[in-house]
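Listed below are the residues making up each chain.
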Amino acid sequence: MNRNLIIGACLSSVVLIGALVSFLWTPFETDTVNIAARMRLPDGANWLGTDHFGRDLLSMIMVGARTSLAVAVVAVGIGMGVGVPLGLAAAAKQGSLLDEVISRLNDLIFAFPSLVIAILITAVFGAGAVNAIIAIGIFNIPVFARLSRGAALSLWQREFILAARTAGKTATRISVEHILPNIANLLIVQGTIQFSLGILAEAGLSYVGLGAQPPVPSWGRMLADAQTMVSLAPHVAIVPGMAIVLTVLGLNLLGDGLRDALDPKLRRRVA
């Protein structure tokens, strides 16, 4: 059995289940302030304690997971939905003007750190979850475009592709029917990696006040709110920090496990 795949799937499932359950139930309301119970240590009533406003941290983590996962899912969807067709088109027209334009645009975006681009976009267009999604999604586009282009180029000279071209199939049809299914495993693995990076980016944007806005809970803003009271109530910072760490760790392990499971060369090596 693939240990990384199992551990990653378990950690990711816990976060996903917590996010889904939060739509129906949380131990306490996340917008209810209880000053009398502020910075309470974990106990029977508040399993993870309370923050500086007396809000239940477990409830905040559950709803915050919903926010982080939603931002990451849509951002990765934007990256795949735009980047993969661009990469396949560039590979199909290798050496053409289209290929050159797509490649240079990818290089231009990669020249800047992803978080800097995200901060720039959200600072110009305003803070909020929607703009955070757009900002993270824009950086995902060249990642998937470059990956799909490189993987597709290695397939265009294969015999089954030459047979499809001889049969009169267009480049678009070959890309959809033959190229895309053969690079799907690479895209899936990269998707899990970008998913974890999307969660980190969302947390970073929320930490500096450019992500999801109050009263919507966010792991990054929970860390920002807790930084001035770490010495008084360290659990207020530890809880959201561990949520981010375990989620990203789970997704990275899941990606490694999927890579090992989907790559036939690695399967033969393990066997």
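Right above here is the structure, for reference.
Nothing here was measured: the structure is a model prediction, and the numbers come from that model.

(A) View of the overall build of the protein. In terms of regular secondary structure, the protein is built from 10 helices and 0 strands. Going residue by residue from the N terminus, the α and β elements of the protein occur as α-α-α-α-α-α-α-α-α-α. Its C-alpha atoms give the protein principal-axis dimensions of about 75 × 50 × 30 Å. The burial tally for the protein puts 44% of its 271 residues in the buried class. Across the protein, contacts joining residues at least 24 apart in sequence account for 70% of those joining residues at least 6 apart. Carbon and sulfur atoms make up 69% of the accessible area of the protein, which totals about 13900 Å². With 19 positive and 15 negative side-chain charges, the protein shows a separation of 10 Å between the mean positions of the two kinds.

(B) Spotlight on the nonpolar core. With 33 residues, the main nonpolar core has W156, I179, I183, F195, I199 and W219 as its most contacted residues. Secondary structure elements with two or more residues in this core: helix 1 (3-21), helix 2 (57-92), helix 5 (129-153), helix 6 (159-166), helix 7 (171-207), helix 8 (219-226) and helix 9 (235-262). The element contributing the most residues to this core is helix 2, with 10 residues. The residues touching W219, leaving out its near neighbours within four places in the chain, are V15, M60, I61, G64, A65, S68, I199, P240, A243, I244 and T247. Judged by nonpolar contacts, the second largest core, of 14 residues, contains V71, A132, F139 and V143.

(C) View of the packing of aromatic side chains. For the coordinates displayed, the defined rule picks out 1 aromatic pair. Judged by centre distance (5.8 Å) and plane angle (85°), the ring pair of F110 and F139 falls under edge-to-face. One end of the pair, F110, is in helix 3 (residues 97-110); the other, F139, is in helix 5, with 29 residues separating them in the sequence.

(D) Representation of the environment of V239 in the model. Within the element layout of this structure, V239 appears in helix 9. Owing to a relative accessible area of 14%, V239 belongs among the buried residues under this scheme. Each C-alpha atom, one on V239 and one on L223, is 8.8 Å from the other, the two residues being 16 residues apart in sequence. Sequence-distant contacts of V239, that is, excluding residues within four places in its chain, are made with L48, L57 and I61.

The rules behind each value
Residues numbered from 1 in each chain as written. Predicted model: local features only at pLDDT ≥ 70, side-chain atom pairs only at ≥ 80, totals over all residues. Heavy atoms only, no water. Helix = DSSP H or I, 4+ residues; strand = E, 2+ residues; numbered from the N terminus. Buried < 20%, exposed > 50% of the residue type's maximum accessible area, 1.4 Å probe, protein only. Contact = heavy atoms within 4.5 Å. Areas by Shrake-Rupley, 256 points an atom, 1.4 Å probe, with all protein chains shown as cover. Lys, Arg positive; Asp, Glu negative; His and termini not counted. Charge placed at Lys NZ, Arg CZ, Asp CG, Glu CD. Core = buried A, V, L, I, M, F, W, Y, C linked by side-chain atoms within 4.5 Å. Phe/Tyr/Trp six-rings, centres within 6.5 Å; stacked < 30°, edge-to-face > 60°.

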